[in-house]
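Overview (structure and organization)
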Amino acid sequence: MKPYPKYKDSGVEWIGEIPQEWQARRLKYIVVVNPSKSTLSIDKNSSKDVCFLSMERVNVDGTFLADLFKPINEVYNGFTYFEENDVIFAKITPCFENGKGALLDSIPSKIGFGSTEFHVLRTINGKSIPKFIYYLTVTHMFRTIGEAFMSGAAGQKRVPTDFAENFIVTCPSIQEQHQIAAYLDNKTSQIDTLLEKKKRLIALLKEERTAIINQAVTKGLDPNVPMKDSGIEWLGEIPEHWEVKRLKHLISDKLMYGANEIAELDDKSLPRYIRITDFGDNGKLREETFKSLPIEIAKNYMLADGDILFARSGATVGKTYQFKNYQGNACFAGYLIKATPDKNKILSDFMYYATRSNSYENWKKSIFNQATIQNIGADKYNNFSLAFTFLEEQQQIVSYLNRETSRIDTIITKAEKQIELLQEYRTALISEVVTGKVDIRECNI
């Protein structure tokens with residue numbers, strides 16, 4: 001790609017130069033911002049169903065789910081109105097910064113309503129086209145400047161209407177807008193295909209990792225060893241010389257709930273306060289979420305090397321974390337349950353791997369089938385049955401799994417980095433094209 005033949009000063013410092021034939025204009029002169037319902041020729045008391053978009057039904061990649069319908073008389077008052085081919089973008093943090101928005105190019109009901117946390121942009125005939133406007137809203141410039149204009153209390157900050165109205169855009173002719181839209185449709189489609197392949201690869205690798213773990217912690221490493229029925233449906237057959245015991249018989253102390261304290265401090269000299277939100281599926285603590293507790297409160301909830309934490313409620317119920325090789329002291333929060341493996345019976349590493357197996361997931365599902373609320377308390381964790389063998393064989397299994405999971409995790413990390421770079425490239429490409437930094441008019445699509 002090459003630059004345009006001639007540029008001129010846009011008159012706006014943060015835009016700089018723009019192509020000779022382009023214009024720098026405020027957005028409100030080429031689109032209608034948040035169109036009024038007064039233009040609608042529908043009966044607001046009608047029971048006719050129309051498309052409804054909550055914030056959750058709009059994604060950061062521009063896709064949306066238009067399969068939810070509500071009667072007009074339920075949504076006419078108190079919700080945001082839009083029409084087919086309007087552009088919407090989230091105005092509330094963090095959805096705005098994350099890029100939530102869409103071009104509504106396929107609404108079954110032609111008109112619809114949605115969350116009041118959306119701004120709506122409707123193109124003006126002869127001045128702008130929907131796809132070009134959509135691409136403008138996903139540029140780094142639009143998101144960065146919009147973030148600076150946000151106002152409101154922490155956690156509830158919003159991009160005001162006057163930001164959208166007065167945002168200065170670099171605007172080419174309608175013909176060139178169509179060219180730009182077609183070019184970006186083609187290029188972003190190619191990038192999105194690559195992204196999907198990378199995401200699918202990661203999903204398959206995670207499935208492989210779980211399968212390897214499950215095989216090792218329930219069947220062992222010797223494929224020729226005699227097997228027996230474990231007596232537990234979700235566990236299946238296990239090696240003949242293995243045992244099955246409930247968790248409560250494999251720990252040195254009773255299961256323990258954490259501290260019910262609000263995380264306010266971030267003093268690194270105090271014990272870290274580990275909460276459900278502090279660790280992910282990769283088994284690592286997030287440094288950016290660090291919080292601590294005063295020693296006089298933390299002392300009753302301290303963690304020792306090898307302790308395993310179980311999440312007991314919420315969206316992450318059943319998630320586990322192994323406290324191991326941590327540099328410093330730490331305690332844990334009330335929505336977590338601590339298990340201290342009995343070193344004479346089971347290795348901490350072996351127990352942790354068992355909680356990352358398919359059998360563990362199947363056990364959780366059997367618990368959830370018995371209750372409408374997804375909650376696993378100490379009473380239920382106590383009765384979680386583990387298959388295990390003597391300590392020497394456990395160590396062999398752990399060493400094998402360390403090697404295999406490390407190999408898979410390395411590939412996953414590489415793929416995740418590639419996804420990050422592709423997403424950055426996608427955003428940069430859109431920004432370069434819609435702001436006129438590169439000329440795509442002669443590019444083959």
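Here the structure is shown first, and the text comes after it.
In this report, the structure presented in the accompanying data block is examined. (Residues numbered from 1 in each chain as written. Predicted model: local features only at pLDDT ≥ 70, side-chain atom pairs only at ≥ 80, totals over all residues. Heavy atoms only, no water.)

What to know about the pairing of strand 21 (residues 336-339)
Burial of the side chains of strand 21 extends over both faces: L336 and K338 are buried on one face and I337 and A339 on the other. One ladder, built from 2 bridges, connects strand 16 (residues 256-257) with strand 21; its direction is antiparallel. For Y257, the partnering residue across the bridge sits in strand 21 and is I337. Where strand 18 (residues 308-311) and strand 21 come together, 4 bridges link them in antiparallel fashion. Each residue of the ladder has a partner; that of L309, found in strand 21, is K338. (Buried < 20%, exposed > 50% of the residue type's maximum accessible area, 1.4 Å probe, protein only. Helix = DSSP H or I, 4+ residues; strand = E, 2+ residues; numbered from the N terminus. Pairing = 2+ DSSP bridges.)

Digging into unusual backbone geometry
Cis geometry marks the peptide bond from T93 to P94; its omega dihedral reads 0 degrees. Topologically, P94 is positioned in the loop between strand 8 (87-90) and helix 2 (95-98). Although it is not a glycine, K110 sits at a positive phi angle of roughly 70 degrees. Residue position: K110 is located in the loop between strand 9 (101-103) and strand 10 (111-114). Since its relative accessible area comes to 48%, K110 is described here as partly exposed.

A closer look at the sheet that holds strand 19 (residues 320-322)
Strand order in the open sheet formed by 4 strands is 16-21-18-19, with antiparallel pairing between adjacent strands. Only two strands of the sheet have a single neighbouring strand rather than two, namely strand 16 and strand 19.

Things to note about the nonpolar core
It is characteristic of soluble globular proteins that their nonpolar side chains tend to be buried jointly. By size, the foremost hydrophobic cluster in this structure holds 88 residues, and its most contacted members are I133, L184 and Y381. For I133, the contacting residues outside a window of four places in its chain are L27, I30, V31, V87, L121, T123 and S128. Residues L53, M55, V58 and F82 belong to the second largest nonpolar core, which totals 16 residues. (Core = buried A, V, L, I, M, F, W, Y, C linked by side-chain atoms within 4.5 Å. Contact = heavy atoms within 4.5 Å.)

Concerning the environment of P71
Positionally, P71 belongs in strand 6 (residues 69-71). With 176 residues separating them along the chain, P71 and L247 place their C-alpha atoms 52 Å apart. For P71, the contacting residues outside a window of four places in its chain are S46, S47, K48 and D49.

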